[in-house]
Amino acid sequence: MVDHARQLSRGAEQMGIALSEHQAEQLLAYMALLNKWNKAYNLTAVRDPNEMVSRHLLDSLSVLPHVEQGRWLDVGSGGGMPGVILAIMLPDSDFTLLDSNGKKTRFLTQVRLELGLDNMQVVNSRVEAFSPDRPFDGIVSRAFSSLADFTELTRHLSTPQTRWLAMKGLYPQDELQALADDFRVQRSVELSVPGSDASRHLLVLQRTA
Ligand SMILES: C[S@@+](CC[C@H](N)C(=O)[O-])C[C@H]1O[C@@H](n2cnc3c(N)ncnc32)[C@H](O)[C@@H]1O
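Residues numbered from 1 in each chain as written. Predicted model: local features only at pLDDT ≥ 70, side-chain atom pairs only at ≥ 80, totals over all residues. Heavy atoms only, no water.

In the annotation of an unreviewed UniProt entry, the entry for the chain reads Ribosomal RNA small subunit methyltransferase G, and the organism field reads Halopseudomonas formosensis. Regarding the chain, the UniProt comment filed under Subcellular location (unreviewed entry) reads as follows: "Cytoplasm". In its Catalytic activity (unreviewed entry) section, the UniProt entry covering the chain states "guanosine(527) in 16S rRNA + S-adenosyl-L-methionine = N(7)-methylguanosine(527) in 16S rRNA + S-adenosyl-L-homocysteine". (UniProt positions renumbered as here; feature names shortened; annotations may be inferred.)

Here is the structure:
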């Protein structure tokens, strides 16, 4: 049997990420909840726990070096990727996890309670209808939409300083062509996720005005 704690700590180490004992425990507790609730709530197509460590925990951790302290929104968070993982790793930053699917946000509310994640808020809404009292420093998404939809649907939640972090598979050349003229790619990073051969890219976008 694969030792998931070991798989997680080794994977994090390979990415140069130090996990405290508490963070490792929380990440594994989150995975156990995801596994338990998945049966009834259909939160993720990944059912094999070994694959869950790589495809969900390590994949979400791979963007951590690019997440600065501040107030973050995870759009279309689903079962909590990457928002839950980032909230565990950055307790001094605030994370709002938003999804239009009520089953998913009910699960996320349970995760918040069970893990005591006071820096994580859960919102059940379509993003285009969401109107918080303050904009966000950063907006992240994985498997949510095209780059054009991601930026257009969240433009009203930003300031000129906001950064958009889009977690993508193959480099999204076509999607970049459809991006509005007042957005630019600040940087693009090829991510390497231990235990996965899949192509992964992170695009960091910002407004030019
Ligand atoms: C493919 S899932 C990705 C979930 C998660 N980020 C991940 O990587 O596993 C996309 C999620 O976006 C949510 N979604 C789609 N359109 C949305 C919208 N307009 N506003 C809020 N959530 C939306 C869906 O309910 C779904 O949970």
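Take the site of the ligand next. Not every one of the 16 residues close to the ligand is listed here, only the nearest: Gly76, Met81, Asp99, Val127 and Arg142. Contact distances for the ligand include 3.3 Å between an oxygen atom and a side-chain N or O atom of Lys104. A distance of 2.6 Å is found between an oxygen atom of the ligand and a side-chain nitrogen or oxygen belonging to Arg142. Burial of the ligand by the protein amounts to 78% of the accessible area it has alone, namely 600 Å². Looking at the shell around the ligand, its residues break down into five nonpolar, six polar and five charged. (Near = heavy atom within 4 Å. Polar contact = N/O pair within 3.5 Å; in protein donor to acceptor, adjacent residues only side chain to side chain. Areas by Shrake-Rupley, 256 points an atom, 1.4 Å probe, with all protein chains shown as cover. Nonpolar A, V, L, I, M, F, W, Y, C, P; charged D, E, K, R; others polar.)

The next thing to look at is the sheet that holds strand E5 (residues 163–168). With mixed pairing, the seven strands of this open sheet are ordered in space as E3-E2-E1-E4-E5-E7-E6. The sheet is open, and its two borders are formed by strand E3 (120–124) and strand E6 (183–191), each paired with just one other strand. Ignoring strand direction, the axes of neighbouring strands in this sheet form an average angle of 20°. Here eight bridges tie E6 to strand E7 (residues 200–207), and the two strands are oriented antiparallel to one another. Along E7, the bridge assignment pairs Val185 with Leu205. Here helix H5 (residues 102–115) sits on the sheet and contacts strand E2 (94–99) and E3; the angle it forms with E3, its principal contact strand, is near 160°. Lying on the sheet, helix H6 (residues 147–154) is in contact with strand E1 (71–75), strand E4 (138–142), E5, E6 and E7; it crosses E5 at an angle near 150°. (Pairing = 2+ DSSP bridges. Helix = DSSP H or I, 4+ residues; strand = E, 2+ residues; numbered from the N terminus. Axes fitted to C-alpha atoms, helices over the stretch in contact; angles between N-to-C directions. Contact = heavy atoms within 4.5 Å.)

So, about the nonpolar core. For soluble globular proteins, the rule of thumb is that nonpolar side chains tend to be buried together. Membership of the largest hydrophobic core comes to 46 residues, with the highest contact counts inside it found for Tyr30, Leu61, Val84, Phe107 and Val111. With seven residues, helix H2 (residues 21–41) is the largest single contributor of residues to this core. The next biggest cluster of nonpolar side chains, apart from the first, holds 18 residues, and it includes Val127, Ile139, Trp164 and Ala166. (Core = buried A, V, L, I, M, F, W, Y, C linked by side-chain atoms within 4.5 Å. Buried < 20%, exposed > 50% of the residue type's maximum accessible area, 1.4 Å probe, protein only.)

On to the side chain of Arg142, then. Of note, Arg142 is situated in strand E4. There is a polar contact of 2.8 Å between the side chain of Arg142 and the side chain of Asp59. Excluding anything up to four places from it in sequence, Arg142 contacts Arg55, His56, Asp59, Ser60, Gly76, Met81, Pro82, Met167 and Arg200.

What the rule picks out here adds up to five aromatic pairs. Ring centres of Phe144 and Phe150 lie 6.4 Å apart, and the angle between their planes is 75°; this geometry places the pair in the edge-to-face category. In this structure Phe150 comes out as buried when scored by relative accessible area, which is 1%. These aromatic residues form a ring-pair network of at least three members: Trp37, Tyr41 and Phe107. (Phe/Tyr/Trp six-rings, centres within 6.5 Å; stacked < 30°, edge-to-face > 60°.)

Let us now look at the pairing of E4. The buried count for E4 comes to five of five residues, which makes it a mostly enclosed element. Going residue by residue along E4, you find Gly138, Val140 and Arg142 tucked away on one face and Ile139 and Ser141 tucked away on the opposite face as well. As judged from the three bridges shared by E1 and E4, these two strands associate in the parallel manner. Among the inter-strand pairings, Asp74 is bridged to a residue of E4, identified as Val140. Of the pairings in the sheet, the one linking E4 to E5 comprises five bridges and is parallel in character. Its bridge partner being in E5, Val140 is matched across the sheet by Leu165.

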